[in-house]
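Secondary and tertiary structure notes
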Amino acid sequence: MAVLLVDDDPDQLALREMLFSQAGIAVLKATTVAEALLLARHDHPSCAVVDLCLPNEEDGLTLIRELKKINDSVHILVLTGKRTHGLQNKPEWKSIAAVVTKGSPSAHLLARVKSLHPNF
């Protein structure tokens, strides 16, 4: 059981990796859409925490669509610093299990992921 962490900012990725690892959750990490899809195909994570802008929103939306094609039951949590009202009008919205605003407390992010998957 693993969480796929995807962010093009290596510092943010390292912080999240430390957070989840300290909570006893196995982590897969990627900095690009291609890397994330390769890991998803090979390791079948049960949850993905995806930065929406990788480096732009279209990349994040593409990743969400492709992750669902690989595994329709993957739980996708989106991290974003942007307002989500525009996201709610996109078809990918129905594939997103949760949204967490960047800058939220780490405990909130961890709790949201744990709420998505009872085995964490």
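The structure displayed is predicted, hence computed values, not measured ones. (Residues numbered from 1 in each chain as written. Predicted model: local features only at pLDDT ≥ 70, side-chain atom pairs only at ≥ 80, totals over all residues. Heavy atoms only, no water.)

**Observations regarding the layout of surface pockets**
Formally: Residues are said to line a cavity or pocket when one of their atoms sits within 4 Å of a point; the points come from a 1 Å grid over protein atoms alone, cavities being sets where a 1.4 Å probe fits but cannot get out and pockets being open sets with protein on both sides within 12 Å along at least five of seven lines. Grid points are joined across faces, edges and corners, and a volume is the space filled by probe spheres set on the points. Secondary structure elements follow DSSP: runs of H or I of four or more residues count as helices, runs of E of two or more count as strands, with numbering from the N terminus. In this classification, the charged set is Asp, Glu, Lys and Arg, the nonpolar set is Ala, Val, Leu, Ile, Met, Phe, Trp, Tyr, Cys and Pro, and all remaining amino acids, among them Gly, are polar.
In this structure, the largest pocket occupies an estimated 190 Å³ of space. Lining the largest pocket are 13 residues, and of these Gln12, Arg16, Ser104, Ser106 and Leu109 sit closest to its centre. Elements with a minimum of two residues in the lining of the largest pocket: α1 (10–22), β5 (98–101) and α4 (106–116). At four residues, the largest contribution of residues to the lining of the largest pocket is made by α1. Of the residues contributing to the lining of the largest pocket, the split by class is six nonpolar, five polar and two charged.

**Focus: empty space enclosed by the protein**
Inspection of every chain in the model, using the stated rule, returns one cavity of 30 Å³ or more. Counted as a void, the largest cavity has a volume near 30 Å³. Within the lining of the largest cavity, the residues separate by chemical class into five nonpolar, two polar and no charged.

**Some points on the sheet that holds strand β4 (residues 75–80)**
Quick note on the threshold: Whether two strands pair depends on DSSP finding at least two bridges between them. Orientation is described by lines fitted to C-alpha atoms, with helices fitted over the stretch in contact, and by angles between N-to-C directions that extend from 0 to 180 degrees. Whether two residues are in contact is decided by their heavy atoms, any of which lying within 4.5 Å being enough.
Reading across the sheet, the five strands line up as β2-β1-β3-β4-β5 and stay open at both edges, with parallel pairing between neighbours. Edge positions in the open sheet fall to β2 (26–30) and β5, since each of these has one partner strand only. If you compare each strand with its neighbour and ignore which way they point, the axes differ by 20 degrees on average. Judged from the four bridges that link them, β4 and β5 form a sheet pairing that is parallel. Opposite Leu77, over in β5, you have Ala98 as the bridge partner. On the sheet, helix α2 (residues 33–43) packs against β1 (2–6) and β2 and is oriented at approximately 145 degrees with respect to β2. On the sheet, α4 packs against β1, β3 (47–51), β4 and β5 and is oriented at approximately 160 degrees with respect to β4.

**A few points about α2**
Short version of the rule: Buried means the residue's accessible area, taken with a 1.4 Å probe over protein chains only, is under 20% of the maximum for its type, while exposed means over 50%, and partly exposed covers the values in between. Summarising the geometry, the arc corresponds to the directions from the helix axis toward the C-beta atoms.
For α2, the set of buried residues is Val33, Ala36, Leu37, Leu39 and Ala40. Taken around the axis of α2, the buried residues stretch over an arc of 160 degrees, which confines them to a single face. Residues of α2 that are exposed and angled more than 90 degrees away from the buried face: Ala34, Leu38 and His42. On the buried face of α2, the contacting elements are β1, β2 and α3 (57–70).

**Here we look at α3**
Residues spaced three or four apart along an α-helix point in a common direction, a consequence of the helix completing one turn every 3.6 residues. Stated precisely, the cut-off is as follows: Any helix carries an expected span of 1.5 Å times its number of residues minus one. Polar contacts here mean pairs of N or O atoms no more than 3.5 Å apart (in protein, one a potential hydrogen donor and the other a potential acceptor; neighbouring residues in sequence count only if both atoms are side-chain atoms).
Here α3 spans 20 Å end to end across 14 residues, near enough to the 20 Å set by a 1.5 Å rise per residue. The inward-facing, buried residues of α3 abut β1, α2, β3 and β4. Residue Asn56 occupies the N-cap position of α3, its side-chain oxygen lying 3.1 Å from the main-chain nitrogen of Glu58.

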